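For reference, the chains in residue letters:
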Amino acid sequence: PVRGLSVAANGTLCYTYDGEIYTQTDGGKPNKVNINLFHDDGDAISIMNYTRGATSGAVSPDGKQVAFILNGDVYVTDVDNKTTRQLTDTPERERTVTFRPDGKAVAYDSERDGVWGIYECEIKDDKEKSFAYCTQTVERRLTDGKTTSFQPSYSPDGKQIAYLENRTTIKVMNVKNGNAH
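In short, a report on the structure.

Conventions and cut-offs
Residues numbered from 1 in each chain as written. Predicted model: local features only at pLDDT ≥ 70, side-chain atom pairs only at ≥ 80, totals over all residues. Heavy atoms only, no water. Pairing = 2+ DSSP bridges. Helix = DSSP H or I, 4+ residues; strand = E, 2+ residues; numbered from the N terminus. Axes fitted to C-alpha atoms, helices over the stretch in contact; angles between N-to-C directions. Buried < 20%, exposed > 50% of the residue type's maximum accessible area, 1.4 Å probe, protein only. Polar contact = N/O pair within 3.5 Å; in protein donor to acceptor, adjacent residues only side chain to side chain. Patch = residues over 30% accessible without salt bridge, like charges linked within 9 Å, V, L, I, M, F, W, Y side chains within 5 Å. Areas by Shrake-Rupley, 256 points an atom, 1.4 Å probe, with all protein chains shown as cover. Salt bridge = Lys/Arg side-chain N within 4 Å of Asp/Glu carboxyl O. Phe/Tyr/Trp six-rings, centres within 6.5 Å; stacked < 30°, edge-to-face > 60°.

Section: the sheet that holds strand E8 (residues 84–86)
Here is step 1 of the chain: Strands sit in the order E5-E6-E7-E8 across an open sheet of four strands; the sheet is antiparallel. Single-partner strands in this sheet number two, and they are strand E5 (54–59) and E8. Averaged over all adjacent pairs, the angle separating strand axes in this sheet is 20°, with direction ignored.
Here is step 2 of the chain: Of the pairings in the sheet, the one linking strand E7 (residues 73–78) to E8 comprises three bridges and is antiparallel in character.

In structure tokens, the structure reads:
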């Protein structure tokens, strides 16, 4: 059966039928959409071109990196070399990205397990300076995962992070020990 029917603003239909994707204009014949998938073994470089859709951008303090949200995931681009690294790859949505003042971590909110929370992704090796070329990152949840928390913003020294809790209260958290007030 026909499944997943949607209609574009110009009236073009899109649907799946027998495991294939089709488009069809009003009164026209179905057109099977050819899809090419490429396997990524982890060592291969993916080239993706997007011209729109990014939300919540932030420039690193040194101006050499730009973090942004695209399709609900966090990316960081090296401004000089135009290399981009995807920091998150979750089925949940991330938003409101911001850089730590040293440029070696970003904070963002993410809706995981049905609750918006604050997360931080940090370059693991202190000697590495750029997300685009670092060998490893580490992500950790900063808030408790039970209370809605979003819109993170680092203090000028990067030791604290302010955020909005339950849409009504501004909290400030010590990033190192997790204490918030």
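Concerning the side chain of glutamate 94
Here is step 1 of the chain: Following the sequence through the fold, glutamate 94 ends up in strand E9 (residues 94–99).
Here is step 2 of the chain: A relative accessible area of 1% means that glutamate 94 is categorised as buried.
Here is step 3 of the chain: A distance of 3.1 Å separates a polar atom in the side chain of glutamate 94 from a polar atom in the side chain of arginine 112.

Observations concerning a nonpolar patch on the surface
Here is step 1 of the chain: Residues Val2, Leu5 and Tyr17 make up a contiguous nonpolar surface patch of about 310 Å² in total accessible area.
Here is step 2 of the chain: Inspection of the secondary structure puts valine 2 in strand E1 (residues 2–7).

Details of the packing of aromatic side chains
Here is step 1 of the chain: The full count for this structure, using the stated rule, is five aromatic pairs.
Here is step 2 of the chain: Aromatic pair tyrosine 108 and tyrosine 119: ring centres 6.4 Å apart, planes at 10°, arrangement stacked. With tyrosine 108 in strand E10 (residues 105–112) and tyrosine 119 in strand E11 (residues 115–123), this residue pair connects regions lying 11 residues apart in the sequence.
Here is step 3 of the chain: Since its relative accessible area comes to 6%, tyrosine 119 is described here as buried.

As for the pattern of salt bridges
Pairs may arise between side chains of opposite charge once their charged atoms sit close together.
Here is step 1 of the chain: Enumeration over the complete set of coordinates arrives at eight salt bridges.
Here is step 2 of the chain: Put simply, aspartate 102 and arginine 100 hold a salt bridge, and the shortest N to O gap is 2.9 Å.
Here is step 3 of the chain: Residue class for aspartate 102 comes out partly exposed when judged on its relative accessible area of 46%.
Here is step 4 of the chain: The salt bridge partner of glutamate 165 is lysine 171, with a shortest N-O separation of 3.7 Å. By the burial criterion, glutamate 165 is buried, and lysine 171 matches it.
Here is step 5 of the chain: A single salt-bridge network, built from bridges that share partners, covers Arg100, Asp102, Glu120, Glu122 and Arg140.

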